Amino acid sequence: MRSATSGQRGGRRAEALVQHPRFRAAYDFLLLREQAGELPAGLGDWWTRYQDADEDQREAMVQALGPNQGASGGGKRRRRRRKPANSQG
């Protein structure tokens, strides 16, 4: 599990991440990275509050992020490049 907790909070992702068997390890690692200054301040606090919140509060927290604020990447997906046809035949 990538340190997904660092950016993927939007939509149903936050709930799916909390349910993941390795969430706790990722969460602890996120707190360490935040403390070391590698991640924005407040991210660990958001996940701490999210874990303690009830279903309605969790939904409100995700909504408060705004559209695509929690999603990583953003923008359009890139199309996969096709390999050129082999001209040797």
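The structure reproduced in this document is the subject of the present report.

Analysis parameters
- Residues numbered from 1 in each chain as written.
- Predicted model: local features only at pLDDT ≥ 70, side-chain atom pairs only at ≥ 80, totals over all residues.
- Heavy atoms only, no water.
- Axes fitted to C-alpha atoms, helices over the stretch in contact; angles between N-to-C directions.
- Helix = DSSP H or I, 4+ residues; strand = E, 2+ residues; numbered from the N terminus.
- Left-handed = near helix turned anticlockwise from the far one by under 90°.
- Contact = heavy atoms within 4.5 Å.
- Nonpolar A, V, L, I, M, F, W, Y, C, P; charged D, E, K, R; others polar.
- Expected span 1.5 Å × (residues − 1).
- Buried < 20%, exposed > 50% of the residue type's maximum accessible area, 1.4 Å probe, protein only.
- Arc of directions from axis to C-beta.
- Parallel < 35°, antiparallel > 145°, perpendicular 65-115°, else oblique.
- Phe/Tyr/Trp six-rings, centres within 6.5 Å; stacked < 30°, edge-to-face > 60°.
- Polar contact = N/O pair within 3.5 Å; in protein donor to acceptor, adjacent residues only side chain to side chain.

## Overview of the packing of helix α2 (residues 23-35) against helix α3 (residues 43-52)
Two quantities define a packed helix pair, namely the angle between the helix axes and the distance between the axes. With their axes 9 Å apart at the nearest point, α2 and α3 run at an angle of 150° to one another. Judged by the sense of rotation from one axis to the other, the crossing of α2 with α3 is left-handed. Across from F23, R24, Y27, L30, L31 and E34 in α2, the residues of α3 making contact are L43, G44, D45, W47, T48 and Q51. In the contact of α2 with α3, the residues fall into 6 nonpolar, 3 polar and 3 charged.

## Points about α2
Compared with an ideal rise of 1.5 Å per residue, which puts 13 residues at 18 Å, α2 spans 18 Å between its outermost C-alpha atoms and is within 8% of the ideal. Listed in full, the buried residues belonging to α2 are F23, A26, Y27, L30 and E34. One side of α2 carries all its buried residues, which in axial view fall inside an arc of 100°. Turned more than 90 degrees away from the buried face of α2 sit A25, L32 and Q35, all of them exposed. Buried residues along α2 sit against α1 (13-19) and α3. Positive phi shows up at G37, right after α2, with a value of about 90°.

## Regarding the packing of α3 against helix α4 (residues 55-64)
At a minimum axis distance of 8 Å, the contact between α3 and α4 shows a crossing angle of 150°. Considering their axes alone, α3 and α4 lie roughly antiparallel with respect to each other. Contact residues: W46, R49, Y50 and Q51 in α3; R58, M61 and V62 in α4. Each residue belonging to the contact of α3 with α4 can be placed in one class, and the counts come to 4 nonpolar, 1 polar and 2 charged.

## A closer look at the packing of aromatic side chains
Summed over the entire model, instances satisfying the criterion amount to 5 aromatic pairs. Taken together, a centroid distance of 5.7 Å and an interplanar angle of 55° make the contact between F23 and W47 tilted. Highlighted residues: F23 in helix α2 and W47 in helix α3, separated in sequence by 24 residues. Arranged with centres 5.1 Å apart and planes meeting at 15°, the rings of W46 and Y50 form a pair that is stacked. Of this pair, W46 and Y50 both sit in helix α3, 4 residues apart, roughly one helical turn. Residues W46 and Y50 agree in their burial class; the two are buried. Put simply, the rings of F23, Y27, W46, W47 and Y50 pair up and form one aromatic cluster.

## What to know about the side chain of R58
Along the polypeptide, R58 turns up in helix α4. Residue class for R58 comes out buried when judged on its relative accessible area of 13%. Among the polar contacts made by the side chain of R58, one reaches the main-chain carbonyl oxygen of Q51 at a distance of 3.2 Å. In this view, R58 contacts E15, V18, Y50, Q51 and A53; residues no more than four positions away in its chain are not counted.

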